[in-house]
Every structure is written in C-alpha cells, then in structure tokens.
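Overview (structure and organization)
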Amino acid sequence: MKDEILKYLSKYTEITNELEHAITTSTFIESFEKGTILLKEGDISTECYFVLKGCIRSYIIENGEEKTIDFYTEEQIVTPSNYGKSIPSNYYFECMENTIVNVGNPKLEKETFQKYPQLESLSLVIAEVIMTKNQESFANFKTSKPEERYLNMLKTRPDLIQRVPQHQIASYLGIKPESLSRIRKRIINKK
C-alpha cells in the first residue's frame, strides 16, 4: 500500500531515494470495516486520512436527515475542517466500504516535516491543488442545474454509482431521490 502513496506523490514531484525513505518511514496504514464511523458530530478531530482503498462519506445531520457533503475514494485526502483544532466537528465521516487509509495526525506531521522539510513543501503544493479543485467543484455545483450535476458526476466520478446507495448520491447532488430517478429516466430516454 505504501507504493500507492508514492505513486500519488510522484504526480507532484520526483521521488528521490531520500524522499521515498521519508515517506515509507512516516507512513501509518490502517484498515477500517464498512460502516465504521471515523468522526462524529461533536468529536475533536485528531486524524486525517489518505484513502488507499475504499470510500469514505462525509455528512451532516440536519433536522434528523442525513445530508451527504462528499465522498472520498482512492487517492483522495480526507481532512476534517476541525482537524488539529480543539473545536467540535459538525460532520460525520463514515466508511462506505472496507477501507484502507494512511493516517496522519498533527504531532506526526510536525515531526515528519521537521525531519524532512521537502515533505512540507510537497504537502503545501498538494494542498493548493486540492483547494483549487474544491473551489472549482463548489462553483460548478452552485451554478449548475441538478441534471448537469448528475452528468458531471457521471463524467468525473462514475465509480460512485456502483459504490454508494442512490439516496446518498441524490443527497450529494442536493436533490431528493425521486428527482434523481426522474433525471436518470430522462437521460436514458434521450439515448
């Protein structure tokens, strides 16, 4: 599984022997079963995750109803908004499948960055890329109609259709399950 981390990081920099050693010696891999709640509303977040295999869903509960915020799959970083802060989470993070992740925590990150400054620089580059993608995704979501959101999801994240329940996909798209069914029928009828 450590090879998966190296493969991902090689998209952003050349992996030297020293960098490979830094990554493999500071990597903590953990497995979680489907249904495991990694973080609950009200909890303090002390860990972040890099998904090696599996799917994690973030959601909130509003008026007794779950509202899906995002899905994190292979090669995605899960950093709760309260990570490393002493404030309670507003979110839940749940494993939708048996999941294998690289686990990080503030103490480990600090020690690793002090020992290997190049990893801190690399981390900043990756954070910038992720932030840009998130901003584009949010803007696209806000300016598109539900059918466009669904078509965009099919284009950019087609695996979700097979991996998560339809009612959670509908929630992720900001629509009711019945609306998703109508959208899917319209798309099929257009073909």
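Attention in this report is confined to the structure presented alongside it. (Residues numbered from 1 in each chain as written. Predicted model: local features only at pLDDT ≥ 70, side-chain atom pairs only at ≥ 80, totals over all residues. Heavy atoms only, no water.)

Points about the overall build of the protein
- Along the protein, the regular secondary structure elements total eight helices and eight strands.
- Computed over its C-alpha atoms, the radius of gyration of the protein comes to 18 Å, within 12% of the 16 Å expected for a compact globule of 191 residues.
- For the protein, the proportion of its 191 residues judged to be buried stands at 37%.
- Accessible surface, the protein: about 11600 Å² in total, of which carbon and sulfur atoms supply 51%.
- In the protein, the 26 positive side-chain charges and the 27 negative ones have mean positions that sit 8 Å from each other. (Helix = DSSP H or I, 4+ residues; strand = E, 2+ residues; numbered from the N terminus. Rg over C-alpha atoms; globule rule 2.2 N^0.38 Å. Buried < 20%, exposed > 50% of the residue type's maximum accessible area, 1.4 Å probe, protein only. Areas by Shrake-Rupley, 256 points an atom, 1.4 Å probe, with all protein chains shown as cover. Lys, Arg positive; Asp, Glu negative; His and termini not counted. Charge placed at Lys NZ, Arg CZ, Asp CG, Glu CD.)

So, the packing of aromatic side chains
- This model, assessed by the stated rule, comprises six aromatic pairs.
- Residues Tyr 59 and Tyr 92 carry aromatic rings whose centres are separated by 5.0 Å and whose planes lie at 5° to one another, so their mutual orientation is stacked. Separated by 33 residues along the polypeptide, Tyr 59 in strand 4 (residues 56–62) and Tyr 92 in strand 7 (residues 92–95) bring together distant segments of the chain. Here Tyr 59 matches Tyr 92 in class, with each residue buried.
- Measuring from ring centre to ring centre gives 6.3 Å for Tyr 72 and Phe 93, while their planes differ by 35°; the resulting arrangement is tilted. Note that Tyr 72 is positioned in strand 5 (residues 65–72) and Phe 93 in strand 7, a separation of 21 residues in sequence. The same class applies to Tyr 72 as to Phe 93, namely buried.
- Within the aromatic cluster, the residues linked to one another by ring pairs are Tyr 8, Tyr 12 and Phe 50.
- The aromatic ring of Tyr 59 is capped on one face by Arg 57, whose charged end is 3.9 Å from the ring centroid. (Phe/Tyr/Trp six-rings, centres within 6.5 Å; stacked < 30°, edge-to-face > 60°. Lys NZ or Arg CZ within 6 Å of the ring centre and 35° of its normal.)

Quick word on the pattern of salt bridges
- For the coordinates displayed, the defined rule picks out 14 salt bridges.
- With a closest N to O distance of 3.9 Å, Lys 7 and Glu 4 form a salt bridge. Here the residue Lys 7 and the residue Glu 4 both occupy positions in helix 1 (residues 2–9), the gap between them amounting to three residues, near one helical turn.
- For Lys 7, a relative accessible area of 45% translates into the label partly exposed.
- Across the salt bridge formed by Arg 57 and Glu 94, the nearest N and O atoms sit 3.3 Å from each other. Pair noted here: Arg 57 is in strand 4 and Glu 94 is in strand 7, with a separation of 37 residues, a long-range link.
- By relative accessible area, which is 1% here, Arg 57 ends up buried.
- Its relative accessible area of 16% is what places Glu 94 among the buried residues.
- Three or more residues joined by partner-sharing salt bridges are found here, namely Glu 4, Lys 7, Lys 11 and Glu 75. (Salt bridge = Lys/Arg side-chain N within 4 Å of Asp/Glu carboxyl O.)

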